[in-house]
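Structure assessment
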Amino acid sequence: MDFLKPVAAGKIPCPNSSVKVESGFLDLYTDKDEGCGYCRLSAREQILTEMKRLLEKYGGEEVSITITGHSLGSALAVLSAYDIAETGLTRMGDGRVVPVCVFSFSGPRVGNVSFKERLEGLGVKVLRVVNVHDVVPKSPGFIFNEGIPRMVMKIAEELPWSYSHVGVELKLDHKISPFLKQTNDPVCAHNLEAHLHLLDGYHGKGGRFVLASGRDPALVNKACDFLKDHYLVPPNWRQDENKVGRCCRAFQDRRAPTD
């Protein structure tokens, strides 16, 4: 579902019909199933309703909107931020415009050049945190993307697979971390905990990798095998069944009668 279609097809009001996003992302954001308790309202309806409620509650204060996500969640975060700005929720009654920004982690491309230009024209700021060895931020749009000459992109804009990244990119490289294995495993390169580890140790281009916040490197191995073996942290140590068991035991403890 990596072909582009107009955002208006998802009933997002947009004055420019050439503004297009990836079909699958748009469907996931706007589709709903009224017979499902979780999907009776679309993600779009839930987000806009809650955003409107919060802005009405705190609109008299200095507020801003920050949205974040990883991988597919990153694409939906960008789409949500665009929607919030496009529908005018950020324009307050006293003339103020609430700033909107997105922190994207290992996110794919979301839309075409017109989408990028419209998003930036609305004032939405995006910081994309990427691992240079991760394949996900390189898709969709492997051939026609922001890396080719602008004139070629303009010619190719009508193609259903012509994509452009948005915002500013912060490039990280897992090969500079002394904690991580030199692996080409795509799962490790895409792992969110690894991105947070790299971000913690990043001190600018050319700077030495030093963990700044005391964030435990063991978190990197929650769902992958990425830490060097001599740190003695088992791979994939997070066990969902154990987590469920602990929750059940805690619930039972709360229900247990007291003496």
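Looking at an unreviewed UniProt entry, one finds the protein named Phospholipase A1-Igamma1, chloroplastic-like isoform X1 and attributed to Momordica charantia. Under the UniProt heading Subcellular location (unreviewed entry), the note attached to the protein is "Plastid, Chloroplast". Under Sequence similarities (unreviewed entry), UniProt gives the following word-for-word description of the protein: "Belongs to the AB hydrolase superfamily. Lipase family."

**As for the pairing of strand E3 (residues 65-70)**
Side chains Ile-65, Ile-67 and Gly-69 of E3 all project onto a buried face; the interleaved residues Thr-66, Thr-68 and His-70 project onto a face where none is buried. Where E3 meets strand E4 (residues 100-105), six bridges bridge the pair, whose relative direction is parallel. Among the inter-strand pairings, Thr-66 is bridged to a residue of E4, identified as Cys-101. Taken together, E3, helix H3 (residues 72-86) and E4 constitute a β-α-β crossover, and its handedness is right-handed.

**Examining the packing of helix H1 (residues 23-30) against helix H2 (residues 43-58)**
It is at 5 Å that the axes of H1 and H2 come closest, and there the two elements cross at 60°. Taken together, the axis directions place H1 and H2 in an arrangement best described as oblique. Together, Leu-28, Tyr-29 and Thr-30 of H1 and Ala-43, Arg-44 and Ile-47 of H2 make up the contact between the two elements. Residues of the contact of H1 with H2, tallied by class, amount to four nonpolar, one polar and one charged.

**A look at the side chain of His-190**
As for its position among the elements, His-190 is in helix H6 (residues 186-190). For His-190, the contacting residues outside a window of four places in its chain are His-70, Ser-71, Ser-106, Asp-134, Val-136 and His-195.

**Description of the UniProt feature "domain: Fungal lipase-type" (unreviewed entry) in the protein**
In this structure's numbering, the residues bearing the UniProt feature "domain: Fungal lipase-type" (unreviewed entry) are residues 16-141. With 38% helix and 17% strand, the stretch residues 16-141 has end C-alpha atoms that lie 21 Å from each other.

**Comments concerning the side chain of Asn-221**
By the secondary structure assignment, Asn-221 is in the loop between helix H7 (192-201) and helix H8 (240-255). Taking relative accessible area as the criterion, Asn-221 reaches 0% and is therefore assigned buried. A polar side-chain atom of Asn-221 sits 3.0 Å from the main-chain amide nitrogen of Leu-227. Filtering out sequence-adjacent residues up to four positions away, Asn-221 remains in contact with Phe-226, Leu-227, Val-233, Pro-234, Pro-235, Asn-236 and Trp-237.

**Describing the packing of aromatic side chains**
For the structure shown, the criterion picks out two aromatic pairs. Ring geometry for Phe-179 against Tyr-231: centres 5.3 Å apart, planes inclined by 25°, an arrangement best described as stacked. Here Phe-179, found in the loop between strand E6 (168-172) and H6, pairs with Tyr-231, found in the loop between H7 and H8; they are 52 residues apart in sequence, far enough to count as distant.

**Re H1**
The element H1 is largely enclosed, with a buried count of seven among its eight residues. Taken residue by residue, H1 has Ser-23, Gly-24, Phe-25, Leu-26, Asp-27, Tyr-29 and Thr-30 as its buried positions. Here the buried face of H1 lies against strand E1 (4-6), strand E2 (20-22), H2 and H3. Where H1 begins, the side chain of Glu-22 points an oxygen toward the backbone nitrogen of Gly-24, at a separation of 2.8 Å.

**So, unusual backbone geometry**
Between Ser-139 and Pro-140 the backbone carries a cis peptide bond, its omega angle lying at -20°. In the Ramachandran plot, Asn-236 falls in the positive-phi region, its phi being about 50° despite a non-glycine side chain. In this structure, Asn-236 sits in the loop between H7 and H8.

**A short note on the environment of Ser-74**
For Ser-74, the location among the structural elements is in helix H3. Each C-alpha atom of the pair Ser-74 and Ser-106 lies 7.3 Å from the other, and the pair is 32 residues apart in sequence.

**Considering the packing of H1 against H3**
At a minimum axis distance of 10 Å, the contact between H1 and H3 shows a crossing angle of 70°. As the angle between them shows, H1 and H3 are arranged roughly perpendicular. The hand of the H1/H3 crossing is right-handed. Residue-level contacts link Phe-25, Leu-26, Leu-28 and Tyr-29 of H1 to Leu-72, Ala-75, Leu-76, Leu-79, Ser-80 and Asp-83 of H3. Residue classes in the contact of H1 with H3 are distributed as eight nonpolar, one polar and one charged.

Reading guide: rules and limits
- Residues numbered from 1 in each chain as written.
- Predicted model: local features only at pLDDT ≥ 70, side-chain atom pairs only at ≥ 80, totals over all residues.
- Heavy atoms only, no water.
- UniProt positions renumbered as here; feature names shortened; annotations may be inferred.
- Buried < 20%, exposed > 50% of the residue type's maximum accessible area, 1.4 Å probe, protein only.
- Helix = DSSP H or I, 4+ residues; strand = E, 2+ residues; numbered from the N terminus.
- Pairing = 2+ DSSP bridges.
- Right-handed = clockwise from strand over helix to strand, strands pointing away.
- Axes fitted to C-alpha atoms, helices over the stretch in contact; angles between N-to-C directions.
- Parallel < 35°, antiparallel > 145°, perpendicular 65-115°, else oblique.
- Contact = heavy atoms within 4.5 Å.
- Nonpolar A, V, L, I, M, F, W, Y, C, P; charged D, E, K, R; others polar.
- Polar contact = N/O pair within 3.5 Å; in protein donor to acceptor, adjacent residues only side chain to side chain.
- Phe/Tyr/Trp six-rings, centres within 6.5 Å; stacked < 30°, edge-to-face > 60°.
- Left-handed = near helix turned anticlockwise from the far one by under 90°.

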